[in-house]
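Per-entry structural report
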There are 4 protein chains.
Amino acid sequence: MAMTLAIARKIIAAGEAQAEKVGQPMNIAVVDAGGNLVAHVRMDGAWIGSVDIAINKAYTSRAFDISTKDLGEKSQPGGDFFGIQVADGGRVMTFAGGIPLKDSGGNVIGAVGVSGGAGKQDQKVAEAAAAAFKQGARKAA
Amino acid sequence: MAMTLAIARKIIAAGEAQAEKVGQPMNIAVVDAGGNLVAHVRMDGAWIGSVDIAINKAYTSRAFDISTKDLGEKSQPGGDFFGIQVADGGRVMTFAGGIPLKDSGGNVIGAVGVSGGAGKQDQKVAEAAAAAFKQGARKAA
Amino acid sequence: MAMTLAIARKIIAAGEAQAEKVGQPMNIAVVDAGGNLVAHVRMDGAWIGSVDIAINKAYTSRAFDISTKDLGEKSQPGGDFFGIQVADGGRVMTFAGGIPLKDSGGNVIGAVGVSGGAGKQDQKVAEAAAAAFKQGARKAA
Amino acid sequence: MAMTLAIARKIIAAGEAQAEKVGQPMNIAVVDAGGNLVAHVRMDGAWIGSVDIAINKAYTSRAFDISTKDLGEKSQPGGDFFGIQVADGGRVMTFAGGIPLKDSGGNVIGAVGVSGGAGKQDQKVAEAAAAAFKQGARKAA
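A brief report on the enclosed structure follows. Within every chain, residues take consecutive numbers counted from 1 along the sequence as written. By the order in which they are written, chains take letters starting at A while ligands take numbers starting at 1. The predicted origin of the model limits local features to residues at a pLDDT of at least 70 and limits the giving and counting of side-chain atom pairs to 80 or more, whereas totals for whole chains, interfaces and linings rest on all residues. For the side-chain quantities, the full set of heavy atoms in the structure was used; hydrogens and water were omitted.

Within chain A, the secondary structure is distributed over 5 helices and 4 strands. Once the C-alpha set of chain A is aligned to its principal axes, its extents read approximately 40 × 35 × 20 Å. Buried residues are those whose accessible area, probed at 1.4 Å on protein chains only, stays under 20% of the maximum for their type, while exposed residues exceed 50% and partly exposed ones sit between those limits. Counting the 141 residues in chain A, one finds 60% classified as buried. Between two residues, a contact is recorded if the distance between any of their heavy atoms is within 4.5 Å. Restricting to contacts in chain A with at least 6 residues of sequence separation, those with at least 24 account for 62%. Entry remark: accessible area of chain A is about 5,300 Å², with carbon and sulfur atoms responsible for 51%. Positive: Lys, Arg. Negative: Asp, Glu. His and the chain ends are not part of the count. Charge positions come from single atoms, namely NZ of Lys, CZ of Arg, CG of Asp or CD of Glu. In chain A, 15 side chains carry a positive charge and 13 a negative one; their mean positions are 6 Å apart. A run of H or I in DSSP counts as a helix once it spans at least four residues, and a run of E counts as a strand once it spans at least two, with each numbered from the N terminus. The accessible surface values rely on the Shrake-Rupley method and a 1.4 Å probe; as for residues, cover is taken only from the protein chains in view.

See below:
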């Protein structure tokens, strides 16, 4: 199974709906299995500085098959990955909001990245987007 | 008048429809008056190397309030802007596919960038996207 | 079909053999469908400045599904893609030595990039590497 | 004594064998005395985000003639080298997996870098690769 634009849009739509509930406009991005951008939206009023962050949270989650929240815990001072922040040309994001997306066989076929609010807000929106993929978009694919 | 995600989506939808007519999948991006990305899509099968190009054609068109086709003509060897290619950290694109978007008062409020085919194809898709903005999205805004 | 390290090694081995015939040590790199590096070798005595070039010729050939030789012709002054040289963060190589690799169904599943000599030498080595993929490695996959 | 592609391949082969024992696919890279890449492999299934990290762990180990594990300890907050993470254009990696390679006279002639798992896994694979160099490849050179 491969990521498509149609799937990416469903993931993003679910993220937008959650962002509206949270009350914080977000940047939401989806990448494919190669870590390359498939789609991105910046909701009205969302931070312009978060464009790259959302895209790169998605990249990071695919690049290491891990949520950026979990990677963040491992890359604190003293942690296994402290310093990974500067790898890959500055594309490695180590705070909540990026989640890898797995097909029904457990293969990572892409990732979603969200940026625009506090860590908990970004994470909540990313989780809603990832859940939509798992529950609907993935099956339809 | 300001660029919104809703307007950007209409612009992109018109570009996608034209890309399907042209028979070449495209990357299509819209930036706002600040040159910052509002939305991007990569149609299924479009070149992964064109993600950045589409985004940066849109950036370039807003950055200099000119189509990248026209800027391309001015930046050939011997031209006024030859060498501008390396400005702005490599974000200046000097070949067809980027068009600035003006509100009814003539103010540039953003730009569209298209990349995925030959110059004429990219330009045709960008023009369709820009026309949709002029004819519909702009009025609705 | 997906690129594997075993396939990449066969491609590289064929390139090395050809480089020895040509009498010019080379850098040879293979990327997968996502444009990400699978393997790279620098033959003894090959230019150190060609490490990135070989890797990025492979990237470019996959990023735009075209040989870098053909892209080079299209990106001369006055051409459709003049200026593409600075796109994608400086990763776009527009001179001979990069060739996309297609599976039996015609899908591009990666690319090979060669750098270390004159354009004709690089191209000859890349063609030998790509031919090995087509004739043997691809069938075995 | 100088690093050669033949030696680099033996180092990488030993790393691969250890990675299979550890059960985690890895990126493995070898650089020469100039810190320039000699060879790189990404084992099937290894993280795409670790390509650059493996190469740059090798670079870092040669650049400062120290293991990245040891450098990591010195570059924690409060340490002598805290902040070195952003030096050299983002190429300095400060977590386990990079080891300098010395000839029998004690001269550093290159380094190996490994990335693809937890710090202990990367380190174990790098140590196996470095040991192969010390025990066999180095003598043969």
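Let us look at the sheet that holds strand β2 (residues 37-42) of chain A. Think of it this way: DSSP has to see at least two bridges between two strands before they count as a pair. The strand order across the open sheet built from 8 strands is β3(A)-β4(A)-β1(A)-β2(A)-β2(B)-β1(B)-β4(B)-β3(B), with neighbouring strands paired in antiparallel fashion. The outermost strands of the open sheet, each flanked by one partner alone, are β3 (98-102) of chain A together with β3 (98-102) of chain B. Along the sheet, successive strands turn relative to each other by an average axial angle of 15°, direction set aside. Of the strand pairs in this sheet, strand β1 (residues 27-32) of chain A and strand β4 (residues 108-115) of chain A are connected by 6 bridges, and their pairing is antiparallel. Opposite A:D32, over in β4(A), you have A:G110 as the bridge partner. The axes used here are C-alpha line fits, helices contributing only the stretch in contact, and every angle between their N-to-C directions lies in the interval 0 to 180 degrees. Where helix α2 (residues 50-63) of chain A meets the sheet, its contacts fall on β1, β2, β3 and β4 of chain A together with β2 (37-42) of chain B, and the angle it forms with β4(A) comes to roughly 150°. On the sheet, helix α1 (residues 5-22) of chain B packs against β2 of chain A together with β1 (27-32), β2, β3 and β4 (108-115) of chain B and is oriented at approximately 30° with respect to β2(B).

Turning next to the interface of chain A and chain D. Listed as interface residues are 18 residues of chain A and, on the opposing side, 21 residues of chain D. We define buried area as the total accessible area lost by two parts upon association, computed with a 1.4 Å probe and summed across both. Across the interface of chain A and chain D, roughly 1,400 Å² is buried in total on both sides, 65% from carbon and sulfur atoms. Considering only the surface of chain A that becomes buried against chain D, A:F64, A:F82 and A:V86 emerge as the three largest contributors, covering 38% of it. Put simply, a salt bridge is a Lys or Arg side-chain nitrogen that is within 4 Å of an Asp or Glu carboxyl oxygen. Our count for the chain A to chain D interface comes out at 0 salt bridges.

Glancing now at the environment of D:F64. Residue and element names in this part refer to chain D. By the element assignment, F64 lies in the loop between α2 (50-63) and α3 (68-74). The class of F64 is partly exposed, set by a relative accessible area of 35%. When the C-alpha positions of F64 and A17 are compared, they lie 27 Å apart, and in sequence the two are 47 residues distant. In this structure F64 touches L71, I84, D88 and V92, once residues within four positions along its chain are discounted.

Quick look at the relation of the copies chain A and chain D now. Superposing copies: least-squares fit, C-alpha atoms only, residues required to have pLDDT of at least 70 in both. Placing chain A over chain D gives an RMSD of 0.1 Å and needs a rotation angle of 92°, together with 0.2 Å of translation along the axis. Look at the turn and shift together and you get a four-fold axis relating the two. By C-alpha distance to the rotation axis, the residue of chain A lying nearest is A:V86, at 4.5 Å. A share of only 17% of interface residues in chain A that are also interface residues in chain D marks the association as one of differing surfaces.

All names here are of chain B. When you tally the buried positions in β1, you get 6 out of 6 residues, the bulk of the element. A two-sided burial pattern is seen for β1, the buried positions comprising N27, A29 and V31 on one face and I28, V30 and D32 on the other. Looking at chain direction, β1 and β2 are connected through 5 bridges and run antiparallel. What sits directly across from V31, in β2, is L37. Between β1 and β2, which pair antiparallel in sequence order, lie 4 residues; one of them, G35, sits at a positive phi of approximately 80°.

The interface is formed by 18 residues belonging to chain B together with 18 residues belonging to chain A. It is B:L5, B:L37 and B:R42 in chain B that bury the most area against chain A; as a group they hold 34% of the surface buried on that side. At the surface where chain B touches chain A, the tally comes to 4 salt bridges. Under the rule applied, a polar contact is a pair of N or O atoms within 3.5 Å (in protein, one hydrogen donor and one hydrogen acceptor; residues adjacent in sequence only if both atoms are side-chain atoms). At the boundary of chain B with chain A, the tally comes to 13 residue pairs in polar contact (both at pLDDT 80 or more). If one sorts the elements of the side of chain B that touches chain A by residue count, β2(B) sits on top with 6 residues. Each residue is assigned to one of three groups, with Ala, Val, Leu, Ile, Met, Phe, Trp, Tyr, Cys and Pro labelled nonpolar, Asp, Glu, Lys and Arg labelled charged, and all others, Gly among them, labelled polar. Tallied by class, residues from the side of chain B that touches chain A come to 10 nonpolar, 3 polar and 5 charged.

Once that is clear, we can look at the packing of aromatic side chains. Pairing of aromatic rings covers Phe, Tyr and the six-membered ring of Trp, with a centre-to-centre limit of 6.5 Å; geometry is then stacked below 30 degrees between planes, edge-to-face above 60, and tilted otherwise. Considering all chains together, one arrives at 4 aromatic pairs over all chains under this definition. A centroid spacing of 5.9 Å and a plane angle of 90° characterise the contact between A:F81 and D:F95, whose relative ring orientation is edge-to-face. Taken together, the residues A:F81 in the loop between α3 (68-74) and α4 (87-90) and D:F95 in the loop between α3 and β3 (98-102) connect one chain to another. By relative accessible area, A:F81 is classed as buried at 7%. Taking relative accessible area as the criterion, D:F95 reaches 4% and is therefore assigned buried. Above the face of the A:Y59 ring, A:R91 is positioned so that its terminal group lies 4.0 Å from the ring centre. For a lysine, the NZ atom is tested; for an arginine, the CZ atom; a charge sits over a ring if that atom is within 6 Å of the ring centre and within 35 degrees of the ring normal.

The two copies are related by a screw operation: chain B maps onto chain A through 179° of rotation and 0.1 Å of translation along the axis, at an RMSD of 0.1 Å. Here the symmetry operator amounts to a two-fold rotation axis. Taking the C-alpha atom as reference, chain B places B:H40 closest to the rotation axis, 2.5 Å from it. In this assembly, 100% of the residues forming the interface of chain B have copies in chain A that are likewise at the interface, indicating an isologous arrangement.

Below, the discussion takes up the sheet that holds strand β1 (residues 27-32) of chain C. Spatial ordering of the open sheet is given by β3(C)-β4(C)-β1(C)-β2(C)-β2(D)-β1(D)-β4(D)-β3(D), a layout of 8 strands whose pairing is antiparallel. On the outer flanks of this sheet lie β3 (98-102) of chain C together with β3 of chain D, each paired with one strand and no other. Pairwise comparison of adjacent strand axes, ignoring direction, gives a mean angle of 15° for this sheet. The sheet strands contacting helix α1 (residues 5-22) of chain D are β2 (37-42) of chain C together with β1 (27-32), β2 (37-42), β3 and β4 (108-115) of chain D, and the helix crosses β2(D) at an angle near 30°. Here α2(D) sits on the sheet and contacts β2 of chain C together with β1, β2, β3 and β4 of chain D; the angle it forms with β4(D), its principal contact strand, is near 150°.

Another point: the pattern of salt bridges. One pass over the structure, following the stated rule, counts 20 salt bridges over all chains. The partner of A:E16 in a salt bridge is B:R9, with the nearest N and O atoms 2.6 Å apart. Of this pair, A:E16 sits in helix α1 (residues 5-22) while B:R9 sits in helix α1, each in a different chain. For A:E16, a relative accessible area of 11% translates into the label buried. By relative accessible area, B:R9 is classed as partly exposed at 37%. Salt-bridge contacts for D:E73 lead to D:K69; the nearest nitrogen and oxygen are separated by 3.9 Å. Residue D:E73 and its partner D:K69 are both found in helix α3; the two are separated by 4 residues, about one turn of the helix.

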